[in-house]
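# Coordinate analysis (summary)
Chain by chain, the residues:
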Amino acid sequence: MLQLYGASPGKCGYCRGPLPTSVVFGSDGLRLRTDEFQELLDLGWSRSGNYVYHPLNDQSCCILYNMRHDATKVFPNKSHKKVLRNMELFLSDIDNQITIPTTTPHTTTHNTPSSSPEWACGVCTFLNAPTASQCDMCDSPRPPEQSQPDTQQKQQQQQPHTQLERPVPTWLAKAKEIEKLKRAATASHTTHTTTTNTTPEYDLVQQKIYEITLVCASRIIAPTDEPTTNVLPPFAIHRTLDSKQVKRKGHFSTDLAIKLAANFSQQQQHSLPQQHTKKGGAASGGQAQSIASLLAAACNSMLAATSETDPLYPLLQQAKATGVGPFVNFFIPSLPPLEAPAVAVAPKATATEEPLLAVEPLKQRHELKFDIEQPEYSDEKYDLFVKFQNIIHNDFDTTPDGFRSFLCSSPLFHPEPETEEEKQRERSEGHPPCGYGTFHQMYRLDGKLIAYSVVDVLPQSFCSTYFVHDPDYAELHLGIYSALKEFEWIRQINATRPQFKYYFMGWYVDSCPKMRYKRQYEPFELMCPITNMYVDWRQCKSVVRSSDPRQSFFSRPSASASTATSNSTSVAAGDDDDDDDDDAVIVPVGSVYDPQSVLPSIHVFHQDEILLFPTLPEWIRMRLQSRTEQYVSLAGEAVAKKVVLALQRPQ
């Protein structure tokens, strides 16, 4: 049952124009069967809470393309596998040194200075460098409130120690080491096996060198007590895993000098302070070498000043830091070299196979649990939503009622089978264990809620409506991780229910940088707003980015397709070029040429009765006819005849 509102303009959330230039045909979803909403979704409809709407692209500033993925064809790419591996490292708690900050719900804002110099993208949660103007993953622009901090934040950023409180988590540093091993093994295509020769003493030395480097680097960027805008970037002390490379690279090394030089080059002076600059060292490479030499000298002074009461005194007294090009290498003669863990390299894997580098599974010390539950309100969910809106979207107007309306309300329901025969048929058809409808997909880390998504499980597809995550775990890229897990879940259901295979990620707006992250999951299809036919992105991209996409269609529908009542057709652009009649009327797939012919079959709820449209009082017919015809043309004949329209909300 739908209560039609008709076409209404509003401000566009994609181009952020000041005028109401985005027009949608809206309705209040009072009650909708999942199979009915599946047909509406296929024809370009969507929902937000109980609001069910269809964009009117010919009247709007931005074109909203319905986007869908065939989950049976989408598999993790290289960057996705890195996200999955990092999650495995995080859950294994490498060296028991995971340091994830915590914040208090309702109070954390963008104006609170972060303990880490990176900034988290509000679209894909990717962590970016402090000086980056846009996200490296999805190209989203940096929010103004982050790129232009207020006066108080600037003053606090001028103090280097506020940026040095949190070292790079050990699991993240380990992930980078594994990536280096992976690249080396891939290039050589050889198999080698060694034993890991690590000790607690080795780890303590590495931590001590990190602390010494931290102090020395802070003195380089702030040599006096005067305020400075220089910020110490995040860095790590890397172990040399190949014993043959120790003589050249040392037992430990860091590329901090390169990062410092990059930061200095972006300052207004575009050079180092005069006392830190070698002749001819104005270029970034020269700066990095100069900084590496200064950093090595400062580290050697601190190493030599190690107290005799320090348990590591015998080792640190022998340690020596050397600047080799832009790197600082640390040599400790009495410390045995650390050998790389066993790895096995296999031939190049296909999209459905395991990654090229097979690393021994890590023992998990944390539990990440997935649960799917009814979309009901809880303080736990609301607190995380408030924190997410405050930090990621700079939104401080959230209320419990707004949360319920946005993320808990849904008109969808799936009728229960009435007979034993229907129940048996449903069991044999391989339906999802959770059933159909709207759910909250919960992600709990050791019992703590760190993310959840609002999803619609439909007879043929899975629709991701909204995703909420804890910004404290931005380094885990939970948005990407959740999408990969949802693709995997769809493929599992598809094994027993072949028609269940589509994943809808919402609208795609090519002109909006915030939407670009959705393109990382390939292949995918866009629905032509003229013909309602789904076409592969690689074939319709040129049309989407043409000078006038509103007047161009991806592919002409055939005569048989034009009369279809369900839009499940996927075509390749150009398949229908045999039709040379450019002046012919294009009837969208699933739509009708004459909506008036369908009006006699429309059911309307009026005064506690369900009546056919022609039997309504004349004044009501006159008031409803225009918007009902527009609704029929957008929803298609099949859905229009099944869904009851309501003049008012039933009591």
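In this report, we go over the structure that sits alongside the text. (Residues numbered from 1 in each chain as written. Predicted model: local features only at pLDDT ≥ 70, side-chain atom pairs only at ≥ 80, totals over all residues. Heavy atoms only, no water.)

## Details of the overall build of the chain
Worth spelling out the cut-off: Secondary structure elements follow DSSP: runs of H or I of four or more residues count as helices, runs of E of two or more count as strands, with numbering from the N terminus. Only protein chains enter the accessibility calculation, which uses a 1.4 Å probe; a residue whose area is less than 20% of its type maximum is buried, one above 50% is exposed, and one in between is partly exposed. Here, residues are in contact when the closest pair of their heavy atoms is within 4.5 Å.
Broken down by element type, the chain carries 18 helices and 26 strands. With 651 residues in all, the chain has 48% of them scored as buried. Contacts in the chain between residues at least 24 apart in sequence constitute 69% of all its contacts with a sequence separation of at least 6.

## Considerations on the pattern of salt bridges
What counts here: Just to be clear on terms, a salt bridge is a Lys or Arg side-chain nitrogen sitting within 4 Å of an Asp or Glu carboxyl oxygen.
For the structure shown, the criterion picks out 19 salt bridges. For Asp35, the salt bridge identified is with Arg33, shortest N-O distance 3.1 Å. Look at Arg33 and you get partly exposed, because its relative accessible area is 31%. Among the charged side chains, a network of salt bridges with common partners joins Lys387, Lys448, Asp470 and Asp472.

## Re the sheet that holds strand β12 (residues 327-331)
Each strand in a sheet pairs with another by means of backbone hydrogen bonds, the pair being arranged parallel or else antiparallel. Inclusion rule: Pairing between strands is defined by DSSP: at least two bridges between them are needed. Structural elements are reduced to axes, namely lines fitted to C-alpha atoms, with helices fitted over the stretch in contact, and the angle between N-to-C directions of any two is expressed from 0 to 180 degrees.
Read from one edge to the other, the open sheet built from 4 strands follows the order β9-β10-β12-β11, with strand pairing classed as antiparallel. Of all strands in the sheet, those with a lone pairing partner are β9 (238-239) and β11 (320-324), marking the two edges. As paired strands, β11 and β12 are joined by 5 bridges and run antiparallel to one another. Along β12, the bridge assignment pairs Lys320 with Phe331. Contacting β9, β10 (252-254) and β12, helix α6 (residues 200-221) crosses the sheet at an angle of about 30° to β10.

## Observations concerning the packing of aromatic side chains
By convention here, two paired aromatic rings are described through the distance between centres and the angle between planes. For clarity, the threshold we go by: Here the aromatic set is Phe, Tyr and Trp, taking the six-membered ring for Trp, and pairing holds for ring centres within 6.5 Å; pairs whose planes are under 30 degrees apart are stacked, those over 60 apart are edge-to-face, and all others are tilted. Whether a charge sits over a ring comes down to the Lys NZ or Arg CZ being within 6 Å of the ring centre and within 35 degrees of the ring normal.
A complete count under the given rule lists 25 aromatic pairs for this structure. Each ring, one from Tyr377 and one from Tyr382, has its centre 6.0 Å from the other, and the planes form 40°; the classification is tilted. Accessibility expressed as a relative area gives 27% for Tyr377, which makes it partly exposed. The positively charged end of Arg68 is found above the aromatic ring belonging to Tyr534, 3.8 Å away from the centroid.

## Remarks on the packing of helix α2 (residues 78-92) against helix α14 (residues 478-494)
Selection rule: By the definition adopted for this analysis, an angle is roughly parallel if under 35 degrees, roughly antiparallel if over 145, roughly perpendicular if from 65 to 115, and oblique otherwise. When residues are sorted by character, Ala, Val, Leu, Ile, Met, Phe, Trp, Tyr, Cys and Pro go into the nonpolar class, Asp, Glu, Lys and Arg into the charged class, and all the rest, Gly among them, into the polar class.
Running from amino to carboxyl end, α2 crosses α14 at an angle of 100°, the nearest separation of the two axes being 10 Å. The pairing of α2 with α14 is recorded here as roughly perpendicular in orientation. Here His80, Val83, Leu84 and Met87 of α2 come into contact with α14, specifically with Leu478, Ile480, Tyr481 and Leu484. A breakdown of the residues in the contact of α2 with α14 according to their chemical character gives 7 nonpolar, 1 polar and no charged.

## Considerations on the side chain of Asp470
Structurally, Asp470 is set in the loop between β19 (461-469) and α14. If near-sequence neighbours (up to four positions away) are discounted, Asp470 is found in contact with Leu384, Lys387, Lys448 and Ile450.

## Brief notes about unusual backbone geometry
The amide bond that connects Glu522 to the next residue, Pro523, takes the cis arrangement and shows omega of 0°. Following the sequence through the fold, Pro523 ends up in the loop between β20 (502-508) and β21 (525-527). Its identity is not glycine, yet Asn394 carries a phi of approximately 55°, on the positive side. Here Asn394 lies in the loop between α11 (379-392) and α12 (400-408).

## As for the environment of Trp507
Rules: Think of a polar contact as two N or O atoms within 3.5 Å of one another; within protein, one of them needs to be a possible hydrogen donor and the other a possible acceptor, and neighboring residues in sequence only count if both atoms come from side chains.
Among the structural elements, Trp507 can be located in strand β20. Distance in space between the C-alpha atoms of Trp507 and Leu526 is 9.3 Å, their sequence separation being 19 residues. Beyond its immediate chain neighbours, meaning those up to four positions away, Trp507 contacts Tyr14, Gly44, Trp45, Ser46, Tyr53, Pro55, Leu64, Tyr65, Asn66, Met515 and Lys518. At a separation of 3.0 Å, a polar atom in the side chain of Trp507 contacts the side chain of Tyr53.

## What to know about the environment of Val24
Assignment of secondary structure puts Val24 in strand β2 (residues 22-29). On a C-alpha basis, the gap between Val24 and Pro55 in space is 4.2 Å, while along the polypeptide they are 31 residues apart. Excluding residues that lie within four positions of it along the chain, Val24 makes contacts with Gly6, Ala7, Ser8, Tyr51, Tyr53, His54, Pro55 and Leu56.

## A word on helix α17 (residues 618-635)
We count it as follows: Here the expected span of a helix is defined as 1.5 Å times the quantity of residues minus one. We define the bend at each residue as the angle formed by axes fitted to the 7 residues ending at it and the 7 residues starting at it.
Here α17 spans 24 Å end to end across 18 residues, near enough to the 26 Å set by a 1.5 Å rise per residue. The largest bend along α17 measures about 45° and falls at Gln625. Along α17, the residues classified as buried are Ile620, Leu624, Thr628, Glu629, Tyr631, Val632, Leu634 and Ala635. In the segment just after α17, Gly636 is the residue with positive phi, at about 90°.

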